[in-house]
Amino acid sequence: MSKTGILVVSFGTSYPDALVKNIQAIEEAVGEAFPGLTVRRAFTSGMIIRKLKKRDHVHVRTVTEALESFLADGFTDLIVQPTHIINGTENDHMRNDLLAFKDRFHSIRVGNPLLTDRSDYHALIDALTEAFSGLADDEFLVFMGHGTEHHANAVYPALDYMLKARGHENMYVGTVEGYPDLNLVKELVRKRSPRKVILAPLMVVAGDHARNDMAGDGEDSWKNEFLREGYEVSCLLKGLGEYEAVRRLFAEHAKRAAG
């Protein structure tokens, strides 16, 4: 007798409010797409798992622990949906963990990260441009992505290119640890001399990077870097998981994987 479960895999966050507003919200959206099925959570960040256990006495399963829990409870089939933005290192690690269990389940079907095919880019641009439809001509919106040395970093310049191709000349994508970097984004923005720069995370949760690297009081935060350029600056601490259209996109990826 078959029994199907759903595993939603996230990098994780140690901020309780970000967990509820973003990761939990995505998990609920995926669950709503599969009424009656059990949804469980796993994090890929060992650092965050250890921090939550030490600080809050809360244990979040690793992918391996979650898969073992499904087996222990008699599940035969799994639908796995990552909340990752790109097909990068974290997604590779998740897939390697799943591969170790391929012979222990009847099937493991895996959904794509947020930005995988061309339709995903257009769907995300639709969601973001709708959310920022009131952006004035002299206001520039700069998204902070994570960035990576993984080849999947190509997602970020591609997204920036597609924003411009669709006529959003005052929207830019930069990254903390990849390309385009902050210096390039500042140079491009400088050529247009906007009155105001709005900073927003291009990450599932508004966690450490958003609160410190983007909006923090440190000298090299993106907020202070743009303030030194002479712009009015505001920061939006809102993860992508807070946008209904983004949650819906993750749920659609899971449904597509389920077939």
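Rules and cut-offs
- Throughout, a residue's number is its position along its own chain's written sequence, starting from 1.
- Where totals are concerned, whole chains, interfaces and linings use all residues; where local detail is concerned, this predicted model gives features only for residues with pLDDT of at least 70, and gives and counts side-chain atom pairs only at 80 or more.
- Processing note: side-chain calculations cover all non-hydrogen atoms of the structure and skip hydrogens and water entirely.
- Paired strands are those between which DSSP finds at least two bridges.
- Under the DSSP-based scheme used, a helix requires at least four consecutive residues in state H or I and a strand at least two consecutive residues in state E, with every element numbered from the N terminus.
- Axis definition: a line fitted to C-alpha atoms, over the contacting stretch in the case of helices. Angles run 0 to 180 degrees between N-to-C directions.
- For this analysis, residues touch if any pair of their heavy atoms sits within 4.5 Å.
- Every case where a carboxyl oxygen of Asp or Glu lies within 4 Å of a side-chain nitrogen of Lys or Arg is listed as a salt bridge.
- Note on exposure labels: buried denotes an accessible area under 20% of the residue type's maximum, exposed denotes more than 50%, and partly exposed covers the range between, all computed with a 1.4 Å probe on protein chains only.

*Asks:* Residue-level account of the sheet that holds strand β1 (residues 4-10), with values.
*Replies:* Across the sheet, four strands lie side by side as β2-β1-β3-β4; this open sheet has parallel pairing. If you trace the sheet from one side to the other, it starts and ends with β2 (38-43) and β4 (107-110), each paired once. On average, each strand axis in the sheet is inclined to that of its neighbour by 25°, with strand direction left out of account. In terms of strand pairing, β1 meets strand β3 (residues 77-82) through six bridges, oriented parallel. The partner of T4 across the bridge, within β3, is D77. Across the sheet, helix α10 (residues 244-258) touches β3 and β4, and the angle it forms with β3 is around 150°.

*Asks:* Which residues make up the pattern of salt bridges, and what are the values?
*Replies:* The tally for this structure, following the rule as stated, stands at 18 salt bridges. The shortest N-O distance in the salt bridge between D73 and R40 comes to 2.6 Å. In this pair, D73 sits in the loop between α3 (63-72) and β3 while R40 sits in strand β2, placing the two residues 33 residues apart along the sequence. The exposure class of D73 is partly exposed, given its relative accessible area of 39%. For R40, a relative accessible area of 15% puts it in the buried group. The salt bridge involving R55 is made with D56; its shortest N-O contact spans 2.8 Å. You can call D56 partly exposed: its relative accessible area is 32%. Taken together, the shared-partner salt bridges in this structure form one network comprising D138, E139, R195, K196 and E232.

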